[in-house]
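In case you want the letters, here they are:
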Amino acid sequence: MAKSSSLNVRVVEGRALPAKDVSGSSDPYCIVKVDDEVVARTATIWRSLSPFWGEEYTVHLPLDFHHLAFYVLDEDTVGHDDVIGKISLSREAIAADPRGIDSWINLSRVDPDAEVQGEICLAVQMLEDVRGRCLRCHVLQARDLAPRDISGTSDPFARVFWGSQSSETSTIKKTRFPHWDEVLELREMPGPPAPLRVELWDWDMVGKNDFLGMVEFPPQVLQQNPPNGWFRLLPFPRAEEDSGGNLGALRLKVRLTEDRVLPSQYYQPLRELLLESVLGPAEEDAASPLAVLEELTLGDCRQELATKLVKLFLGQGLAGPFLDYLTRREVARTTDPNTLFRSNSLASKSMEQFMKLVGMPYLHELLKPVINRVFEEKKYMELDPCKMDLGRTRRISFKGAPSEEHVREASLGLLTGYLGPIVDAIVGSVGRCPPTMRLAFKQLHQRVEERFPQAEHEDVKYLAISGFLFLRFFAPAILTPKLFDLRDQHADPQTSRSLLLLAKAVQSIGNLGQQLGQGKELWIAPLHPFLLQSIARVRDFLDQLVNVDGKEEAGGPARALVPPSVTVREGYLLKRKDEPTSLATRFAFKKRYFRLSGEMLSYSKSPEWQTCSSIPVSHIRAVERVDEGAFQLPHVMQVVTQDGAGALHTTYLQCKNVNDLNQWLSALRKASAPNPDKLAACHPGAFRSAHWTCCLQAERSAAGCSRTHSAVTLGDWSDPLDPDAETQMVYRQLLLGRDRLRMTFLEDSNMDPAPEADTEKGSCSAMEGACPDAPAQQREAAARLLKVLADLDQAHEEFQQQEQGKVAPGSFSP
């Protein structure tokens, strides 16, 4: 049995931020930290006090994380960035509501004394002799302390308080991982029982010492179960200071998902019900267990449910039949072909998520070259006369002020210059489109043609496919390339406008020209000749796309979402020489092009270079960050491998920014997740000048001083399939709708349709002719689902009782 924990974080927008620049504005960005480890950084929104980010992250975490923090900073070209404020959310606050947090939250001031991190290892004994009681506190070591000095380290010492008595350890210079191994003894003084408090401080030669954190144990704990082990450092207890909105606010969406994933056999009955829905006769579509589940799922949960169901059926080799089942239901209840797949139904969401899961490498191959050109060339393009900035074009031209006509002609040439390669790449990509996508589109084409065979609806079968492929896949990726991993950063305002024009053009092509010349955007008319020419080519492309032989095997073997040989991440990194001879650390790093697949991490001088070196993924034992002070360089990570003889080797790699670092860390950790003998600890520094820069130990073979973070990864399209975890999520979704399931399908003898079914075309009326006993079959399906839910409830309760039986009574963790 495994446990999983993940945070879904969406940084939506900010408002009323204070101005930090002399221009009266700010250039804000957000840093997201989990237990003081940076997991994400948003783009910088230039010259804005009400920035909109709209960035979303899924972070897979260990179950014992404590808090989530958001820091808002103002980016400065010269000097350090200015801190605007922070928001800190405890794990308990996030988990209080299963639906999560979705609200505006005021920023608070950043208090240095509250910015503590790390742990301390203590062993406490209560002794008694002829002189009375004595407390012996063995201060062994600490790890991951906050860096308080400009060098990125601290000079920590510990101070122990018991009643009116106190004592201190020695100070260890320039480390965040001190080893004291000192025993401090304190005698009990007359008075009531006193707590034990251990404080850590950073010693400063000039000025006051800096607080690093504390732990405190009440008298009853000291008497009954004296502390022995690692303890998390906490700030001084104080009331949270509310800035009253003076520092602005952030709108955040945060949801914590924590699940106990049972052994696979417990989920088999639920999986069988879902498979039965997909593989059953079409006449029973409206009364299947999956149809009942769709009725229960509210709109805001459908995307997550769609993702889990698609991954579940992909793993069973049944993605095609699953999508075909949803398509049958959707087309059967649609009377107007103009509204087909226009709602956020489970069918629409599932096809959209299916394309992202299966087709992301295909999307990157088609769009990335042109997207990179747009970002790098930064050409000014505008067709809308209301938005034209003639002053801007005058600044970049030496021929005087151009007219609107000149700007329009130049913009038209640039737009077609970008659109041409995009359309060429798409229409020439039939052979490169994933076979599972082509099969899904073929089934979609057939179902729509059967439902709307009339000559006047000839275009509907094309629009059904292009509506997904162009309107829900290509166009959104062009508009927001960062959200599709096409770029590391969001575009600046000028590039965003260029991308918007390109996305509108691709959207018009996907609509097959049905809305050309209509609506308010008549200024796009100069582009119509190119669009009409492209539409004819796209029709031919769609005909070829669905002209595919083969059929997915019903119940075929489970397979990986990403084959091991496929590259999941690539790009330039700086690699440190294995044995640098120069004392100049910066010159010991050489630029190399890296490619990561499920089997190998390979690198060469350039992407075209034939000769390359490689590290087998199966040899990786840890992938961790490296302290900036180790090489005086930011964004460095280490890949620790083990050779056949059992010796460990470390490769140091520098990434270009914090997001690039996080993505490489995540990709490498996921690729190496199945490896045995993973390291529980490693050194976040480097072995230089005969000692480790992190903990100052003189032995190269010394045990690691910091815990590894193999469980911390970012969720994305390349996440491995996990049928048990996906079925567990379906179970959770059913739990949320259990009461509604009873009321709608069992207690209501009239079988009134659910309210949401009316608003989203969810009624089964279109199918009732084919299935006259649908109400009775729906009641039967609901009863079977409730029986499966009850069995899973009992299994979870039994496993929880087993776990509680293993917990030692009186255990304490402050």
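Residues numbered from 1 in each chain as written. Predicted model: local features only at pLDDT ≥ 70, side-chain atom pairs only at ≥ 80, totals over all residues. Heavy atoms only, no water.

K.L.:
In this structure, what is going on with the overall build of the protein? I would like to understand it.
P.N.:
For the protein, the helix and strand inventory stands at 20 helices and 28 strands. A burial count over the protein gives 50% of its 814 residues as buried. Considering only residue pairs separated by 6 or more positions, the protein has 70% of its internal contacts joining residues 24 or more positions apart. Just so you have it, the protein exposes about 38,000 Å², and 50% of that area is on carbon and sulfur atoms. (Helix = DSSP H or I, 4+ residues; strand = E, 2+ residues; numbered from the N terminus. Buried < 20%, exposed > 50% of the residue type's maximum accessible area, 1.4 Å probe, protein only. Contact = heavy atoms within 4.5 Å. Areas by Shrake-Rupley, 256 points an atom, 1.4 Å probe, with all protein chains shown as cover.)

K.L.:
Where do I start with the packing of helix H3 (residues 268-279) against helix H16 (residues 723-736) in this structure?
P.N.:
Between two packed helices, what matters for the description is the angle formed by their axes and the separation of those axes. Running from amino to carboxyl end, H3 crosses H16 at an angle of 80°, the nearest separation of the two axes being 10 Å. Relative to H16, the element H3 is oriented roughly perpendicular. When H3 is examined against H16, the residues Leu270, Arg271 and Leu274 are found in contact with a partner set consisting of Pro723, Asp724, Thr727, Val730, Tyr731 and Leu734. (Axes fitted to C-alpha atoms, helices over the stretch in contact; angles between N-to-C directions. Parallel < 35°, antiparallel > 145°, perpendicular 65-115°, else oblique.)

K.L.:
Just checking my understanding: could you explain the environment of Lys461 for this structure?
P.N.:
Within the secondary structure, Lys461 sits in helix H11 (residues 460-479). Judged by relative accessible area, Lys461 falls into the buried class, the value being 11%. Once the C-alpha coordinates of Lys461 and His445 are considered, the two residues, 16 residues apart in sequence, prove to be 5.2 Å apart. Here the side chain of Lys461 touches Glu449 through a polar contact of 3.0 Å, side chain to side chain. Of note is the side chain of Lys461, whose polar atom sits 3.3 Å from the side chain of Glu458. (Polar contact = N/O pair within 3.5 Å; in protein donor to acceptor, adjacent residues only side chain to side chain.)

K.L.:
What's the story with the pattern of salt bridges in this structure? I'm lost.
P.N.:
In a structure, side chains of opposite charge can pair up when their charged atoms sit close to one another. Under the counting rule described, the total for this entry stands at 45 salt bridges. Notably, a salt bridge pairs Arg10 with Glu56, separated by 3.6 Å at the nearest N-O pair. Residue Arg10 is found in strand E1 (residues 2-15), and its partner Glu56 is found in strand E4 (residues 52-61); the two are separated by 46 residues along the sequence. When its relative accessible area of 23% is taken as the criterion, Arg10 is described as partly exposed. The residue Arg373 makes a salt bridge to Glu377 at a minimum N-O spacing of 3.3 Å. In this pair, Arg373 and Glu377 are both assigned in helix H7 (residues 346-377), four residues apart and thus about one turn of the helix distant. Classification of Arg373 as partly exposed rests on a relative accessible area of 30%. Within the structure, one salt-bridge network assembled from shared partners comprises Glu294, Arg329, Glu330 and Arg333. (Salt bridge = Lys/Arg side-chain N within 4 Å of Asp/Glu carboxyl O.)

K.L.:
It is not clear to me how the sheet that holds strand E5 (residues 67-74) should be interpreted in this structure. Could you clarify?
P.N.:
Pairing between the strands of a sheet comes from backbone hydrogen bonds, and it takes one of two forms, parallel or antiparallel. Strand order in this open sheet of four strands is E3-E2-E5-E6, and the pairing throughout is antiparallel. A single partner strand is all that each edge strand has here, and the edge strands are strand E3 (37-41) and strand E6 (82-90). Ignoring which end each strand starts from, the neighbouring axes of this sheet average 25° apart. Sheet topology note: the strand E2 (residues 28-34)/E5 ladder contains seven bridges and is antiparallel. Across the sheet, residue Val34 finds its bridge partner in E5, namely Leu68. (Pairing = 2+ DSSP bridges.)

K.L.:
How should I be thinking about the packing of aromatic side chains in this particular structure?
P.N.:
Two descriptors summarise a pair of aromatic rings, namely the distance from one centre to the other and the angle between the planes of the rings. Applying the stated rule across the entire model yields 15 aromatic pairs. On the basis of an interplanar angle of 70° and a centroid distance of 5.3 Å, the ring pair of Trp201 and Phe211 is categorised as edge-to-face. Within this pair, whereas Trp201 is found in strand E13 (residues 196-202), its partner Phe211 is found in strand E14 (residues 210-217), the two being separated by 10 residues in sequence. As far as burial versus exposure is concerned, Trp201 and Phe211 are alike and both buried. Here the aromatic residues Tyr362, Phe470, Phe473 and Phe474 are joined through ring pairs into a cluster of three or more. Sitting over the face of the ring of Tyr462, Arg539 holds its NZ or CZ atom 5.5 Å from the ring centroid. (Phe/Tyr/Trp six-rings, centres within 6.5 Å; stacked < 30°, edge-to-face > 60°. Lys NZ or Arg CZ within 6 Å of the ring centre and 35° of its normal.)

K.L.:
I tried to follow helix H6 (residues 319-332) on my own but got confused; where do I start?
P.N.:
Think of an α-helix as 3.6 residues a turn; residues three or four steps apart then line up on the same face. Compared with the 20 Å implied by 1.5 Å per residue over 14 residues, the 20 Å span of H6 between its first and last C-alpha is a close match. The buried fraction of H6 is high, at 14 of 14 residues. (Expected span 1.5 Å × (residues − 1).)

K.L.:
What is the right way to read the environment of Gly118 from this model?
P.N.:
Its place among the elements puts Gly118 in the loop between strand E7 (101-106) and strand E8 (119-129). Spatially, the C-alpha atoms of Gly118 and Asp144 are 4.4 Å apart, while their sequence positions differ by 26 residues. Apart from residues no more than four positions distant in its own chain, Gly118 is found in contact with Arg143, Asp144, Leu145, Phe231, Arg232 and Leu233.

K.L.:
When you look at the nonpolar core in this model, what are you seeing that I'm missing?
P.N.:
Across soluble globular proteins, nonpolar side chains show a tendency to be buried alongside one another. In terms of nonpolar packing, the biggest core is built from 116 residues, with Phe354, Leu367, Phe441, Leu469, Phe470, Phe474 and Phe541 touching the most fellow members. A per-element tally of this core places H7 first, with 16 residues. Contact partners of Phe474, with chain neighbours within four places excluded, come to Tyr362, Leu363, Leu366, Leu367, Ile426, Leu469 and Val506. In this structure, Leu17, Cys30, Phe65 and Phe70 belong to the second largest nonpolar core, which totals 31 residues. (Core = buried A, V, L, I, M, F, W, Y, C linked by side-chain atoms within 4.5 Å.)

K.L.:
I tried to follow the state of the cysteines on my own but got confused; where do I start?
P.N.:
Working definition: the covalent bond between the sulfur atoms of two cysteines is a disulfide. Summed over the entire model, instances satisfying the criterion amount to zero disulfides. The structure places no disulfide on Cys682, whose sulfur is separated from the nearest cysteine sulfur, that of Cys705, by 7.7 Å. (Disulfide = S-S within 2.5 Å.)

K.L.:
Would you explain helix H4 (residues 289-296) in this entry?
P.N.:
Across the eight residues that make up H4, a large majority, eight, are buried. Residues of H4 that are buried include every one of Pro289, Leu290, Ala291, Val292, Leu293, Glu294, Glu295 and Leu296, and no others.

K.L.:
Which parts of the structure should I look at to understand unusual backbone geometry?
P.N.:
Negative phi values dominate among residues other than glycine, just as trans dominates among peptide bonds. The phi dihedral of Asp35 is positive, around 50°, even though this residue is not glycine. If you trace the backbone, Asp35 turns up in the loop between E2 and E3. Using a relative accessible area of 27% as the deciding quantity, one classes Asp35 as partly exposed. Positive phi outside glycine occurs at Asp677, with the angle close to 55°. On the accessibility criterion, Asp677 (60% relative accessible area) is exposed.

K.L.:
I'm lost on the packing of helix H9 (residues 404-427) against helix H13 (residues 528-545) in this one. Help?
P.N.:
Relative to each other, H9 and H13 sit at 10°, their axes nearing to 10 Å. As the angle between them shows, H9 and H13 are arranged roughly parallel. Listed contacts from H13 to Thr416, Leu419, Gly420, Val423, Asp424, Ile426 and Val427 of H9 are Phe530, Ser534, Arg537, Val538 and Phe541. Residues of the contact of H9 with H13, tallied by class, amount to seven nonpolar, three polar and two charged. (Nonpolar A, V, L, I, M, F, W, Y, C, P; charged D, E, K, R; others polar.)

K.L.:
Any chance you could explain the side chain of Arg669 here in plain terms?
P.N.:
Mapped onto the elements of the fold, Arg669 is located in helix H15 (residues 658-671). Engagement of the side chain of Arg669 in a polar contact is seen with the backbone oxygen of His709, the distance being 3.2 Å. Here the side chain of Arg669 touches Val712 through a polar contact of 2.9 Å, landing on its backbone oxygen. Those residues in contact with Arg669 that sit more than four places away from it in its chain are Glu37, Val623, Glu624, His709, Ser710, Val712 and Thr713.

K.L.:
Just to check I follow, could you spell out the sheet that holds E13 for this structure?
P.N.:
Across the sheet, four strands lie side by side as E11-E10-E13-E14; this open sheet has antiparallel pairing. Each end of this open sheet is capped by a strand with a single partner; those strands are strand E11 (165-168) and E14. With direction set aside, neighbouring strand axes in the sheet form an average angle of 20°. The pairing of strand E10 (residues 156-162) with E13 spans seven bridges and is classified as antiparallel. Following the sheet pairing, Phe157 is matched in E13 by Trp201.

K.L.:
What's the story with the environment of Gln489 in this structure? I'm lost.
P.N.:
Looking at the secondary structure, you find Gln489 in the loop between H11 and helix H12 (493-510). For the pair formed by Gln489 and Asn659, sequence separation is 170 residues and the distance between their alpha carbons is 8.8 Å. Beyond its immediate chain neighbours, meaning those up to four positions away, Gln489 contacts Arg41, Thr42, Ala43, Phe375, Lys482, Asn657 and Asn659.

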